[in-house]
Amino acid sequence: MAEIVVVKDLTKSYGQLVKTLVLKNITYSFEKGSFTAVIGPSGSGKSTLLNILGLLERPTSGQLIIDGQDFSRGEVNDYSEYRNRHLGFIFQFHYLLPEFTVLENVLLPVWIEAGRPEGAIYRKALELMSAIGISQLKDKYPAEISGGEQQRTAIARALINDPRIVLADEPTGNLDRETGFAVLEVMTGMIRELGTTLIMVTHDREIALRAERVVELVDGRICRSFVVKEEGVERVKTLLEDRRCVFSD
Amino acid sequence: MIIRPYELYIAFRFLVKGRFQTLLIFGGVAMGVAVQFFLNSLIGGLQVSLVERTVGTSPHIIMLPREAYPTSILAESGQILDYRKAPVVSDREILQWEQYLEWLKKQSGLKAICPVASGQGFIERNGISVAVAIKGVDPAQGAVIYKFNKNLSSGQALLSGESVIVGLNVAEKFQLQPGDRLFIRNDRGSGAFFTVSGIIDLGSAPANSIVFMSLERGQKFLSLTGINMIEVQILDVFKAEKLASAWRNEFSRVNIESWQERNRELLTALRSQSTSSNLIQFFILFSISLGIASVLGISAIQKSRQLGILKAIGVDNRGAARIFLIQGLTIGLSGSLTGIIVGYALSIFFTEVLGAATFDLKLEAANFIVPAILAVVISSLASLSPARKAARLTPIEVIRYG
C-alpha cells in the first residue's frame with residue numbers, strides 16, 4: 001500500500017528561553033487508506049503530532065510530506081485551503097459553531113470552498129447525516145442536541161469534502177463508554193467505506209485494538225509500532241498492556 | 001476586494017445570533033447619526049434664520065463713494081500752503097454709476113442691483129421734527145432687496161412721483177396712514193410734501209426709520225446729480241465677502257463693503273456657534289467609535305473560538321478578517337440609515353409637533369450624508385483591530401486551549 005503521510009526526523013519544541021522538546025526525531029510513514037491509532041500516556045506528544053500532521057502546527061525541524069507535497073516549512077495560516085480540501089478534523093470536543101444548525105455546520109467546509117452549495121451537495125450532506133444517524137437533527141442548533149449527536153455532526157463535517165485524511169484526536173473522549181463506542185463504530189465504518197486514511201489519537205487501548213496499525217509514543221518518541229493483523233490480537237493485547245518502553249539510545 | 005459568499009454569510013449569522021451586542025452598536029450608531037443630523041439641522045436652521053433676519057431685507061454688498069483720500073493743500077498759484085483746503089476729501093457721489101451698474105448686470109449670482117440716493121431728511125409734523133433716513137431707490141430693484149410686497153404692513157408699495165413708503169417706526173411716531181401727506185425737509189433746509197403710499201416693517205429699528213422714495217425723486221430731494229450708493233443682493237449670502245474682495249480688485253474709485261464686514265459680531269457669534277456644535281459632534285462621534293470598537297473587540301474575543309474552528313476547516317486570514325470588517329460595515333450602514341430616519345423624525349417632531357422652533361430646520365442632504373459617511377467609516381475602522389486579530393489567530397490556539 002502507498003504511503004500518504006511521511007514524517008522524517010520530525011521534532012517540535014516550545015518556548016524561547018527554556019525549550020521543551022515535545023517531539024523528538026519522529027520518523028514514520030502512514031499508509032494510504034489505513035486506520036492508524038497513535039497511543040501513549042498524556043504528555044507523550046501524540047496530540048502535537050496529530051496537529052502537525054493536520055497542518056495546524058509547524059514542526060520545529062524535520063520533514064513532513066503529505067500526498068507527495070512538502071509541508072515542512074511555511075505558515076499554518078497559509079495551508080487553510082489544503083486543510084479545507086483534503087483534511088478532515090474530529091476533536092475531543094466537537095467544536096461546532098453554535099450560531100449554525102447541524103446541517104449548516106456539516107456544510108460549512110463546502111461553503112468555504114465553493115460558496116453556496118448546490119442541491120447535489122445538500123443531498124450528499126443529508127445522505128451522510130442519515131448514514132451517521134443525525135439526519136433528523138438537521139435544523140437543530142448544537143446546543144439543542146446531545147454530546148454523542150454533536151460528535152456525529154463533527155464527523156459528518158469532517159467527511160463532507162471527501163478528505164484524503166481524517167485526523168481524530170480522542171474523538172470519544174468526552175462521551176460515555178457506550179455512546180463513545182457507537183460513535184466510533186459509525187466513524188470507522190464510514191471512513192472504511194470511503195477508503196479514507198484515518199489517523200486517530202487515543203489513550204484508550206481498547207479503541208486502539210480496532211485500528212490496523214498502532215504507533216505508541218512515550219516522551220515524544222516512538223516506543224513501538226506494529227500492524228495489528230501481523231501481530232495477532234492476543235499479542236497486540238500483551239503489547240498494549242506492556243507499559244515498559246526501552247529506547248535503544 | 002472580492003467578498004466571498006461565506007464571509008457575508010458567517011458575518012451576518014454572527015450579527016443575527018449576537019442580538020444584544022448587535023443591537024447595542026447598532027443603537028449607538030443610529031443614535032449618533034440621528035443626533036448629529038438633528039443638531040446640524042437645528043444649528044444650520046438657526047444660523048440661516050439669523051442671517052436671513054440680519055441681511056434678508058438689506059443689501060449684501062454696497063458700493064459707496066470713495067472715502068477720504070489725500071489731496072494737495074498747495075495753493076494753485078505756487079508753493080504756498082493753503083490752510084483753507086482740507087488735507088483729505090471724500091467723494092459725495094458716484095458720478096459714473098451707470099457704468100458700474102452695466103458692469104454689475106453682467107455678473108452672475110446677483111439677485112438685485114439697486115442704485116440708491118441716500119441721505120438724511122427731517123419730518124416735520126405737529127411741531128416736532130425728527131431725523132429720518134431717506135432712500136431713493138429704483139422701484140423694481142428696491143422691491144427685491146427690501147421685499148416691499150412681503151414686508152408691507154399696510155397700503156401699497158408704490159414709489160413714483162411724490163409717493164413714498166415709510167418705515168413702521170416713522171409711521172407710528174407720526175401716526176401716519178396710507179394716503180396721509182407729510183412734509184420732509186432736507187439738510188439744506190428746503191423741503192417738499194410727499195404722500196404715504198405704504199407702511200413697511202423691515203424688522204429692525206434703524207431699517208424702520210427709513211423713508212423710501214423713487215430714485216429720481218431722491219436725487220432731486222438730496223440735490224444729487226449722480227447717486228451715492230449701489231446696493232446689491234446676491235443669491236448666496238455667504239459669498240458676499242468673496243465677491244466684494246474680487247470687485248475691490250476691479251475698482252479702486254469706489255468703496256465696496258460686504259454685509260460680513262458690517263456685521264462682525266454676528267459672524268463671530270455664528271462662528272463660535274458652529275465651533276461649539278462641531279466640538280459636540282466630535283465628542284459624539286468619538287464616544288460612538290469607542291463604543292463600536294469596544295463591543296466589536298469583545299465580540300472578536302467571544303468569537304475567537306469559532307474563528308479558530310473556521311480557520312482549522314479552511315477559512316484563510318483574509319476571510320477571517322473580512323468577517324469582522326463586514327460586521328462593522330453592516331452595522332455602520334444600517335445604523336446610519338436608521339439614524340437618518342430617526343433624525344428626520346426627530347426634526348419633524350421638534351418643529352411640527354412641539355412647535356419648539358421659531359425658525360425652519362435646515363434639512364439638507366449634507367446634514368445627514370456627512371454623519372452617515374463618518375459613521376460608516378468609523379464602524380469600519382473600529383472593526384479593523386478585531387479583524388487584524390482574527391487574521392492573526394491560529395486554529396491551534398483555540399484547539400489546544402479551548
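Cut-offs and rules
- Residues numbered from 1 in each chain as written.
- Chains lettered and ligands numbered in written order.
- Predicted model: local features only at pLDDT ≥ 70, side-chain atom pairs only at ≥ 80, totals over all residues.
- Heavy atoms only, no water.
- Helix = DSSP H or I, 4+ residues; strand = E, 2+ residues; numbered from the N terminus.
- Rg over C-alpha atoms; globule rule 2.2 N^0.38 Å.
- Contact = heavy atoms within 4.5 Å.
- Areas by Shrake-Rupley, 256 points an atom, 1.4 Å probe, with all protein chains shown as cover.
- Lys, Arg positive; Asp, Glu negative; His and termini not counted.
- Charge placed at Lys NZ, Arg CZ, Asp CG, Glu CD.
- Pairing = 2+ DSSP bridges.
- Domains from an automatic or database assignment.
- Core = buried A, V, L, I, M, F, W, Y, C linked by side-chain atoms within 4.5 Å.
- Buried < 20%, exposed > 50% of the residue type's maximum accessible area, 1.4 Å probe, protein only.
- Polar contact = N/O pair within 3.5 Å; in protein donor to acceptor, adjacent residues only side chain to side chain.
- Patch = residues over 30% accessible without salt bridge, like charges linked within 9 Å, V, L, I, M, F, W, Y side chains within 5 Å.
- Salt bridge = Lys/Arg side-chain N within 4 Å of Asp/Glu carboxyl O.
- Buried area = accessible area lost by both parts, 1.4 Å probe.
- Nonpolar A, V, L, I, M, F, W, Y, C, P; charged D, E, K, R; others polar.
- Axes fitted to C-alpha atoms, helices over the stretch in contact; angles between N-to-C directions.
- Parallel < 35°, antiparallel > 145°, perpendicular 65-115°, else oblique.
- Left-handed = near helix turned anticlockwise from the far one by under 90°.
- Phe/Tyr/Trp six-rings, centres within 6.5 Å; stacked < 30°, edge-to-face > 60°.

A. How the structure looks around the overall build of chain A. Along the backbone of chain A there are 9 helices and 10 strands. At 18 Å, chain A has a C-alpha radius of gyration in line with the 18 Å of a compact globule built from 249 residues. Principal-axis analysis of the C-alpha atoms gives chain A an extent of 55 × 40 × 35 Å. Of the contacts formed within chain A by residues at least 6 apart in sequence, a portion of 67% connects residues at least 24 apart. Here chain A has roughly 11000 Å² of accessible surface; of this, 48% comes from carbon and sulfur atoms. With 30 positive and 35 negative side-chain charges, chain A shows a spacing of 3 Å between the two charge centroids.

B. Representation of the sheet that holds strand 1 (residues 3-14) of chain A. Residues and elements named next belong to chain A. Pairing in this open sheet of 4 strands is antiparallel, and the strands run 2-1-4-5 from one edge to the other. Only two strands of the sheet have a single partner each, and these edge strands are strand 2 (20-31) and strand 5 (69-70). In this structure, strand 1 lies alongside strand 2, joined through 8 bridges in antiparallel fashion. Directly across from valine 5, in strand 2, lies its bridge partner phenylalanine 30.

C. How the structure looks around the domain arrangement of chain B. Looking at chain B, the domain boundaries give domain 1 (5-53 + 267-401) and domain 2 (67-252). The gap between the C-alpha centroids of domain 1 of chain B and domain 2 of chain B is 55 Å.

D. Structural detail: the nonpolar core. Ranked by internal contacts, the top residues of the largest apolar core, which has 58 residues, are Val5, Leu53, Leu64 and Ile199 of chain A together with Leu310 of chain B. By residue number, the principal contributor to this core is helix 12 (residues 317-353) of chain B, which donates 5 residues. The residues touching leucine 310 of chain B, leaving out its near neighbours within four places in the chain, are Leu97, Leu108 and Ile112 of chain A together with Ile10, Phe14, Val315 and Ile323 of chain B. One finds Ile113, Ile199, Phe251 and Leu267 of chain B within the second-largest nonpolar core, a separate group that totals 49 residues.

E. Geometry of the side chain of serine 41 of chain B. Residues and elements named next belong to chain B. Turning to its location among the elements, serine 41 is positioned in helix 2 (residues 19-55). Of note is the side chain of serine 41, whose polar atom sits 2.7 Å from the backbone oxygen of phenylalanine 37. Setting aside its immediate chain neighbours within four residues, serine 41 contacts Ser347, Leu361, Lys362, Leu363 and Asn367.

F. Structural detail: a nonpolar patch on the surface. A cluster of nonpolar side chains, namely Leu279, Phe282, Phe283, Phe286 and Leu290 of chain B, defines an oily patch on the protein surface of about 530 Å² accessible area. Checked against the element boundaries, leucine 290 of chain B lands in helix 10 (residues 264-302).

G. Fine view of the interface of chain B and chain A. On the chain A side, the residues contacting the 29 residues of chain B number 28 residues. Taking both partners together, chain B and chain A bury about 2400 Å²; carbon and sulfur atoms supply 64% of that area. Counting the contacts that link chain B with chain A gives 2 salt bridges. The salt bridge partner of glutamate 104 of chain A is arginine 13 of chain B, with a shortest N-O separation of 2.6 Å. The tally of links between chain B and chain A comes to 13 residue pairs in polar contact (both at pLDDT 80 or more). The set of elements that each furnish at least two residues to the side of chain B that touches chain A consists of helix 1 (5-17), helix 11 (304-312), helix 14 (384-392) and helix 15 (395-401) of chain B. Per element, the largest residue contribution to the side of chain B that touches chain A is 7 residues, and it comes from helix 1 of chain B. For the side of chain B that touches chain A, a count of residues per class yields 16 nonpolar, 5 polar and 8 charged.

H. Geometry of the pairing of strand 10 (residues 210-214) of chain B. All names here are of chain B. Counted residue by residue, strand 10 has 5 buried out of 5 residues, so it is predominantly covered. Looking at chain direction, strand 5 (residues 128-137) and strand 10 are connected through 5 bridges and run parallel. Counterpart to valine 137 in the pairing with strand 10 is serine 214. The sheet contact formed by strand 7 (residues 163-167) and strand 10 spans 2 bridges and is antiparallel.

I. Highlighting the pattern of salt bridges. Tallied over the entire structure, the rule returns 29 salt bridges over all chains. Among the salt bridges present, the one from glutamate 206 of chain A reaches arginine 177 of chain A, with a minimum N-O distance of 2.9 Å. Of this pair, glutamate 206 of chain A sits in helix 7 (residues 205-208) while arginine 177 of chain A sits in helix 6 (residues 177-194); the two residues are 29 residues apart in sequence, bridging distant segments of the chain. Note on glutamate 206 of chain A: relative accessible area 44%, which makes it partly exposed. The partly exposed category is assigned to arginine 177 of chain A, whose relative accessible area is 47%. In the salt-bridge network here, residues are joined through shared partners; they are Arg4, Glu7, Asp316 and Arg322 of chain B.

J. The arrangement of the packing of helix 3 (residues 102-114) of chain A against helix 5 (residues 147-159) of chain A in detail. Residue and element names in this part refer to chain A. At their nearest, the axes of helix 3 and helix 5 sit 7 Å apart, and the two run at 30° to each other. In terms of axis orientation, helix 3 runs roughly parallel to helix 5. The handedness of the crossing between helix 3 and helix 5 comes out as right-handed. On helix 5, the residues that touch Val102, Asn105, Val106 and Pro109 of helix 3 are Thr153, Ala156 and Arg157. Of the residues assigned to the contact of helix 3 with helix 5, the class counts are 4 nonpolar, 2 polar and 1 charged.

K. Here's a closer look at the packing of aromatic side chains. All names here are of chain B. Within the structure shown, the criterion is met by 21 aromatic pairs over all chains. Ring geometry for tryptophan 103 and phenylalanine 251: centres 4.7 Å apart, planes at 85°, overall edge-to-face. Note that tryptophan 103 is positioned in helix 3 (residues 97-105) and phenylalanine 251 in the loop between helix 8 (240-250) and strand 12 (254-258), a separation of 148 residues in sequence. Given a relative accessible area of 22%, tryptophan 103 falls into the partly exposed group. The interplanar angle of 20° and the centroid separation of 6.3 Å between the aromatic rings of tyrosine 146 and phenylalanine 148 together place this pair among those described as stacked. Each of the two residues, tyrosine 146 as well as phenylalanine 148, counts as buried.

L. Examining the packing of helix 2 of chain B against helix 13 (residues 365-382) of chain B more closely. Residues and elements named next belong to chain B. Taken N-terminus to C-terminus, the directions of helix 2 and helix 13 make an angle of 150°; their axes are 9 Å apart at the nearest point. The pairing of helix 2 with helix 13 is recorded here as roughly antiparallel in orientation. Helix 2 and helix 13 meet at a crossing whose hand is right-handed. Each of Val29, Val33, Gln36, Phe37, Asn40 and Ser41 in helix 2 lies in contact with helix 13, whose residues at this interface are Asn367, Phe368, Pro371, Ala372, Ala375 and Ser379. Taken together, the residues of the contact of helix 2 with helix 13 sort by class into 7 nonpolar, 5 polar and no charged.

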